[in-house]
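# Survey of secondary and tertiary structure
Spelled out, the chains give:
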Amino acid sequence: MFSYKERSTILNTLNHYTFDVLVIGGGITGAGIALDAASRGLSVALVDMQDFAAGTSSRSTKLIHGGLRYLKQFELGLVAEVGREREIVYENAVHVTKPEWMLLPLYKEGTLGKFTTRAALTLYDRLARVRPEERRKMLNKKQTLQKVPILKEDGLIGAGYYVEYKTDDARLTMEVIKKAIEFKAVCINYARVTSFEYKKKKVVAANVRDEISGIHITIHAHQIVNATGPWVDDVRKMDQVHNNKQVRHTKGIHLVFDQSKLPLEQAIYFDTEDGRMVFAIPRDGKTYVGTTDTFYDDDPIQPVASEEDVAYLLNAIRFIFPKLSITENDIESSWAGIRPLIFEKGKNPSEISRKDEIWSSPSGLLTIAGGKLTGYRQMAETIVDVIIKKHKFKHAQKSNTKFLPLSGAKGLNSVNFHDYVANKAKEGEQLGITYQEAKQLVEKYGTNVVDVFHFIRNGNESNLPKPLYAELLYSIYYEMAMTPCDFFIRRTGYLYFDMELVQNYKEAVIEVMSTIIGYSESEKIFYQMQLEQFIDDATR
Ligand code: FAD
């Protein structure tokens, strides 16, 4: 049940059933909780007031990482935990996670020396239980420049070389939600929790407005979980009794350049002049650079890169790649995200811990915040353990998500994925698309590519290229994409990594969505304007 067509059935089910767990928030945290709970046999509902992953979970650096930076802050437990989780996420979702060798350039005057870096990376390998073929290497100056010829040479003494994992945060979230749905979780986007209902001072239901139809429903649940990321305090304010813990928001932005402007074939993690660290990562013919970390007190709904943010990252790029003459005219796209961090008095943004925390209000509402994309599975397991213990749910089993492939990953693993991609891509070629196009689809959708191919086989009633048309239909029928932004941002990432494609096909995409979903004239205009606004925010 995850097509646009099923919205009214889903709303009806949500309105008439008492669930074991209602999760508010369809970012990676809420998605993970829905999957853990549903796979243990609990009945689960999940609602998001926007699209799934429209909050921070489509706006991160898109790394499943072992948290090397936490080593600098001596958060050894966190390094060990996220390092191990990284491995689990990879094995359970090989189609959305990919190992990426990361270069850590070292300079005479830099914050990291060769000796400390070697020691730190060795410790990191141990703590994160890094697999042998991915353990750290140390490079000399010549080897470093061979990998990244555009690096600043002055003072360069070599580099550390280690593995991180690249992902697509929003697609990862979708695959988690789709897996939860396989276990009968009932999930819907554009459904906003507006207030709570109580019995004997305990929260027993949430009132929800469907933002698409305007219908109001009430969802009853034994346990309501607030997993609303940057909005957790807003939701807690709706709760009758709330305690005084606070989430502090910090903003991080990323800039995207064409490879012809920022030619990088190797991901790097480098020191900025002010002692922070920034990633530059090649992806699909582009290079993206980020992130910043500044306190943010505005509305988290649609953060954008400010002039200062852009200037900061451009400076960082010029500092590490002085041979390039990058200007703001070279920026193709950008995004900004808000970190929901647990408030710590007197600390600057980069010093605040990325640890997650769970707290319970006297009404029984459970809130979870902080944390990382990388640690989503462990966070989910922990909070569902709390829920099961609290409610003594007899029908609940132990969590098995460590060994549970996500949607699109059934039967796949790091060993056989390469062959699977090659075989399926050959199959795709028979449908009249190129091997390369088919390969990209298999790499993105994993075993679900079968359903994407189905839409290629069925013929194309638009003037969109065949693969794009198939992706669009898949997103509408299998991933509840309701708007052009859902498709171009959360289902495909094209708005960040292929702006030219978005500009070329935005009208045709809106036409197809309008015909299938049945937008009214005013809805169509609204979605058109919304997409233009996002394009403007990403490119201005
Ligand atoms: P969100 O993704 O924001 O989800 C919360 C959801 O709740 C939203 O979709 C929102 O619409 C919904 N919601 C809010 N109020 C309501 C309501 N009333 N009713 C219904 N729904 C509601 N982590 C990593 O592991 N690797 C990285 O590389 C990384 N890079 C990052 C870079 C940046 C710049 C930032 C900001 C974060 C980064 N993180 C990274 C951290 C990671 O992205 C976040 O920890 C994670 O995405 C938070 O997910 P979430 O589900 O808690 O919040």
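Scroll up to find the structure.
Throughout what follows, the structure given in this document is the object of discussion. (Residues numbered from 1 in each chain as written. Predicted model: local features only at pLDDT ≥ 70, side-chain atom pairs only at ≥ 80, totals over all residues. Heavy atoms only, no water.)

Turning our eyes to something else, we now look at the site of the ligand. Around the ligand, 38 residues are found, and the nearest of them are Thr29, Asp48, Ser57, Leu63 and Thr374. One of the backbone N or O atoms of leucine 63 is found 2.6 Å from a nitrogen atom in the ligand. When the ligand is considered free in solution it has 1,000 Å² of accessible area, and contact with the protein chains removes 97% of it. Of all elements in the fold, only α2 (28–39), β8 (191–199), β11 (247–258) and β16 (331–342) reach the threshold of two or more residues within the shell around the ligand. Here the residues of the shell around the ligand are counted per class, giving 13 nonpolar, 19 polar and 6 charged. (Near = heavy atom within 4 Å. Polar contact = N/O pair within 3.5 Å; in protein donor to acceptor, adjacent residues only side chain to side chain. Areas by Shrake-Rupley, 256 points an atom, 1.4 Å probe, with all protein chains shown as cover. Helix = DSSP H or I, 4+ residues; strand = E, 2+ residues; numbered from the N terminus. Nonpolar A, V, L, I, M, F, W, Y, C, P; charged D, E, K, R; others polar.)

Both the distance between ring centres and the angle between the ring planes are used here to describe each pair of aromatic rings. Enumeration over the complete set of coordinates arrives at 19 aromatic pairs. On the basis of an interplanar angle of 90° and a centroid distance of 5.8 Å, the ring pair of tyrosine 124 and tyrosine 162 is categorised as edge-to-face. Of this pair, tyrosine 124 sits in helix α5 (residues 114–127) while tyrosine 162 sits in strand β6 (residues 156–167); the two residues are 38 residues apart in sequence, bridging distant segments of the chain. Of the residues examined, tyrosine 124 reaches a relative accessible area of 1% and is grouped as buried. (Phe/Tyr/Trp six-rings, centres within 6.5 Å; stacked < 30°, edge-to-face > 60°. Buried < 20%, exposed > 50% of the residue type's maximum accessible area, 1.4 Å probe, protein only.)

The subject of this paragraph is the packing of helix α17 (residues 499–518) against helix α18 (residues 521–539). Where α17 meets α18, the axes come as close as 11 Å, and the angle between the chain directions of the two elements is 160°. The angle between α17 and α18 places the two elements in the roughly antiparallel class. The way α17 lies across α18 gives a crossing that is right-handed. Contact residues: Met499, Val502, Gln503, Lys506, Ile510, Glu511, Ser514 and Gly518 in α17; Glu523, Lys524, Gln528, Leu531, Glu532, Ile535, Ala538 and Thr539 in α18. Considered class by class, the residues forming the contact of α17 with α18 number 6 nonpolar, 5 polar and 5 charged. (Axes fitted to C-alpha atoms, helices over the stretch in contact; angles between N-to-C directions. Parallel < 35°, antiparallel > 145°, perpendicular 65-115°, else oblique. Left-handed = near helix turned anticlockwise from the far one by under 90°. Contact = heavy atoms within 4.5 Å.)

What follows concerns the nonpolar core. Counting residues in each nonpolar core, the largest one holds 145 residues, and the members touching the most others are Leu14 and Leu495. For this core, the leading source of residues is α17, giving 10 residues. When residues no more than four places from it in sequence are discounted, the contact partners of leucine 14 are Phe19, Ala45, Val47, Val186, Ile188, Ile217, Thr218 and Ile219. One finds Leu145, Ala159, Leu324 and Ile326 within the second-largest nonpolar core, a separate group that totals 32 residues. (Core = buried A, V, L, I, M, F, W, Y, C linked by side-chain atoms within 4.5 Å.)

Turning next to the pairing of strand β12 (residues 267–271). Within β12, 5 of the 5 residues are buried, which leaves it mostly tucked inside the rest of the structure. With 2 bridges joining them, strand β4 (residues 97–107) and β12 adopt parallel strand pairing. Counterpart to methionine 102 in the pairing with β12 is alanine 267. In this structure, the hairpin formed by β12 and strand β13 (residues 277–283) is closed by a connection of 5 residues, where glycine 275 is found at a positive phi of approximately 80°. (Pairing = 2+ DSSP bridges.)

Turning our attention to the side chain of lysine 506. When you line up the elements, lysine 506 lands in helix α17. A polar contact is formed between the side chain of lysine 506 and the side chain of glutamine 503, at a distance of 2.7 Å. A distance of 2.9 Å separates a polar atom in the side chain of lysine 506 from a polar atom in the side chain of glutamate 532.

This part is about the pairing of strand β17 (residues 356–360). Sheet topology note: the β17/strand β18 (residues 366–370) ladder contains 5 bridges and is antiparallel. Looking across to β18, one finds that aspartate 356 is bridged to glycine 370. Here β17 folds back onto β18, and the loop between the two strands holds 5 residues, one of which, glycine 364, carries a positive phi near 100°.

Just distances and angles here, no functional claims.
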